[in-house]
Amino acid sequence: PQLRDMAEKDENAARVLAVSLRIEGLVRQAGIHAAGVVMSGGPLADRVPVMLGRHGERVTQFDGPMVEAAGLVKFDILGLANMTIIQDTIDAVAREGRPAPDLRTLPLDDPAVYRLYSRADTDGVFQMESAGMRKYLTLLRPERFSDIVALLALYRPGPLESGMSQEFIRRRHGESPVRYPHPALEACLRDTYGVILYQEQVMQIAETAAGYTAAEADTLRRAMSKKKAEEMAGERARFLRGAAERGFDRKTAETIFGQMETFASYGFNKAHSVAYALTSYYTAYLKTHYPAEFMAALLQGASTNKDKTALYLGEARRMGIKVLSPDVNESVYAYSAVGDVVRFGLGAIRNVGEKAVADIIAERQGSHGRYVNFMDFICRVPLTALNRRLVESLIKAGAF
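As the structure is a computational prediction, the values presented were derived from the model and not from experiment.

Reading the values: rules and limits
- Residues numbered from 1 in each chain as written.
- Predicted model: local features only at pLDDT ≥ 70, side-chain atom pairs only at ≥ 80, totals over all residues.
- Heavy atoms only, no water.
- Phe/Tyr/Trp six-rings, centres within 6.5 Å; stacked < 30°, edge-to-face > 60°.
- Buried < 20%, exposed > 50% of the residue type's maximum accessible area, 1.4 Å probe, protein only.
- Lys NZ or Arg CZ within 6 Å of the ring centre and 35° of its normal.
- Helix = DSSP H or I, 4+ residues; strand = E, 2+ residues; numbered from the N terminus.
- Contact = heavy atoms within 4.5 Å.
- Pairing = 2+ DSSP bridges.
- Salt bridge = Lys/Arg side-chain N within 4 Å of Asp/Glu carboxyl O.
- Axes fitted to C-alpha atoms, helices over the stretch in contact; angles between N-to-C directions.
- Parallel < 35°, antiparallel > 145°, perpendicular 65-115°, else oblique.
- Left-handed = near helix turned anticlockwise from the far one by under 90°.
- Nonpolar A, V, L, I, M, F, W, Y, C, P; charged D, E, K, R; others polar.
- Core = buried A, V, L, I, M, F, W, Y, C linked by side-chain atoms within 4.5 Å.
- Lys, Arg positive; Asp, Glu negative; His and termini not counted.
- Polar contact = N/O pair within 3.5 Å; in protein donor to acceptor, adjacent residues only side chain to side chain.

(A) Highlighting the packing of aromatic side chains. Inspection of the entire model under this criterion finds 13 aromatic pairs. On the numbers, 5.0 Å between centres and 70° between planes, the contact of tyrosine 371 with phenylalanine 377 is edge-to-face. In terms of burial, tyrosine 371 and phenylalanine 377 fall into one category: buried. The structure contains a cluster of three or more aromatic residues connected by ring pairs, namely Tyr114, Tyr117, Phe145, Tyr281 and Tyr285. Lying across the ring of tyrosine 212, arginine 238 places its NZ or CZ 4.2 Å from the centre.

Quick look at the structure:
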């Protein structure tokens, strides 16, 4: 009513409202998904309108749901800094002449790694650094890889707020009885102690209890996770019909469908959780067995973040790893592991660029050898690398 009064009494307000009604519901601006990649069986422009992005990249003019409706496959390709940290650690081990771990054949049952998880000693461990996640690590006390997979699916707002995470942990430790909605579903839910945790389990239940095909079960999962009321009504009738044909009484079938509906909104994609758990395990394994190399790689990854650098320097010292100050005769550009100690990288010093460090290292590796004193350094390093800010920064960092 107030808006109507304003429009009647004020000419400007009437004009603003008239324009607003015309633009309401229109797309405000074009945006690009941070990790979205679209794949097509033929030229993209034959299927969807395309345009050039700000940096000349090809972008669809349709959004995600419209792209899928047009029959294209959409992927989210995540770029994780943790992958660089893992590779840097492996490279550092190899440089020292030690056998580097092969991630493809890494044992997933290493007791020392699970002790690290259970202690919540997880600074630098992928997905496990937050205070909340550490709390649940100490409650769950993981003993096997499937525990890590489950925890990543449980530590989300839905399961945490509903009490599902706490119930899972109680069942895991035998403090609550494991119950199944029906004996026929034990095979689907045994690994999660009777709790419907993963979207794939919703699909398995639909196949087992109501005779869905894999494709039909995926349609059901999608309708449930997106809470599409019309589709859900049709799926409910289809599920109850299929369950009756398989000998389930109506009340049990309705209970199972209701539980699936409840948990599907919380359910996590297990394939996603396994991929994250594997990356997490890699970082935990490297921290356990190659601590100096891992902490050097971790510090290098955080070198532009003062807070993270301080945190990881503290963690290295807590682990008993000595962190040596930067040194123009010893340091390379990045943090580096030297035996069981970590050497500060010259590149982590403010105002010290990669080209200058390359020149400093090239000169000390040449025929004149290491720098003898400060004046020797000043005379030998190319003038293109030397400037007052760089030299002062090296002095303040103790690099001489």
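Continuing now.
(B) Structural context of the environment of isoleucine 77. Inspection of the secondary structure puts isoleucine 77 in the loop between strand E4 (73-76) and helix H4 (81-95). In this structure, the C-alpha to C-alpha distance between isoleucine 77 and alanine 35, residues 42 residues apart in sequence, is 5.0 Å. Setting aside chain neighbours within four positions, we find isoleucine 77 in contact with Ala35 and Val37.

(C) Quick look at the sheet that holds strand E6 (residues 336-338). The 3 strands lie next to each other as E5-E7-E6, forming an open sheet whose pairing is mixed. Two strands lie at the open edges of the sheet, namely strand E5 (323-324) and E6, each paired on one side alone. Sheet topology places E6 next to strand E7 (residues 341-343); 3 bridges connect them, and they run antiparallel. Paired with serine 336 across the bridge in E7 is arginine 343.

(D) Structural detail: unusual backbone geometry. Located in the positive-phi region is tyrosine 193, a residue other than glycine, with phi close to 55°. Tracing the sequence through the fold places tyrosine 193 in the loop between helix H10 (186-189) and helix H11 (199-210). By relative accessible area, tyrosine 193 is classed as buried at 16%. Positive phi, normally seen in glycine, also occurs at asparagine 351, with a value near 70°. Mapped onto the secondary structure, asparagine 351 falls in the loop between E7 and helix H18 (354-364). Look at asparagine 351 and you get partly exposed, because its relative accessible area is 35%.

(E) Structural context of the pattern of salt bridges. For the structure shown, the criterion picks out 26 salt bridges. Here glutamate 254 ties to arginine 250 by a salt bridge, and the two come within 3.2 Å at their closest N and O atoms. Placement of both glutamate 254 and arginine 250 in helix H14 (residues 250-264) is noted, with a separation of 4 residues, approximately one turn of the helix. On the basis of relative accessible area, glutamate 254 is assigned to the partly exposed category, the value being 30%. When salt bridges that share partners are traced, they join Arg119, Asp121, Lys287, Glu315 and Arg318 into one network.

(F) Representation of the packing of helix H1 (residues 2-9) against helix H2 (residues 11-23) within the structure. Relative orientation of the contacting elements H1 and H2 amounts to 120°, with a least axis distance of 5 Å. Classified by the angle between their axes, H1 and H2 sit oblique to one another. Pair H1 / H2 crosses with left-handed handedness. Mapping the contact onto sequence places Leu3, Met6, Ala7 and Lys9 in H1 and Glu11, Ala13, Ala14 and Leu17 in H2. Classifying every residue of the contact of H1 with H2 gives 6 nonpolar, no polar and 2 charged.

(G) Structural detail: the nonpolar core. Of all hydrophobic cores here, the largest spans 84 residues; its most connected members are Tyr117, Met128, Ile205, Phe239 and Met260. Looking at which element gives the most residues to this core, the answer is helix H7 (residues 145-154), with 8 residues. Beyond its immediate chain neighbours, meaning those up to four positions away, tyrosine 117 contacts Thr122, Val125, Met128, Leu137, Pro142, Ile148, Ser280, Tyr281 and Ala284.

(H) A look at the environment of leucine 346. Following the sequence through the fold, leucine 346 ends up in the loop between E7 and H18. Its relative accessible area of 0% is what places leucine 346 among the buried residues. Sequence separation of leucine 346 and valine 332 is 14 residues, and the distance between their C-alpha atoms is 6.2 Å. Dropping the residues within four chain positions of it, leucine 346 is found in contact with Pro326, Asp327, Ser331, Val332, Tyr333, Val352, Val357, Leu394 and Ala399.

(I) The arrangement of the side chain of arginine 343 in detail. You can see arginine 343 is positioned in strand E7. One buried charged residue, arginine 343, remains without a salt bridge, the closest side chain of opposite sign being aspartate 327 at 4.2 Å. From its side chain, arginine 343 meets the backbone oxygen of serine 325 in a polar contact 2.6 Å long.

(J) Quick look at the packing of H11 against helix H13 (residues 229-245). Where H11 meets H13, the axes come as close as 7 Å, and the angle between the chain directions of the two elements is 45°. Taken together, the axes of H11 and H13 lie oblique to each other. Taking contact as the criterion, the partners of Ala206, Ala209 and Ala210 in H11 are, on H13, Arg238, Phe239, Gly242 and Ala243. Taken together, the residues of the contact of H11 with H13 sort by class into 5 nonpolar, 1 polar and 1 charged.

(K) Structural view of helix H16 (residues 291-301). Most of H16 sits inside the fold, with 8 of its 11 residues counted as buried. For H16, the full list of buried residues reads Ala292, Glu293, Phe294, Met295, Ala296, Ala297, Leu298 and Leu299. Against the buried residues of H16 lie H4, helix H15 (270-289), helix H17 (306-318), E6 and E7.

These figures capture arrangement, not role.
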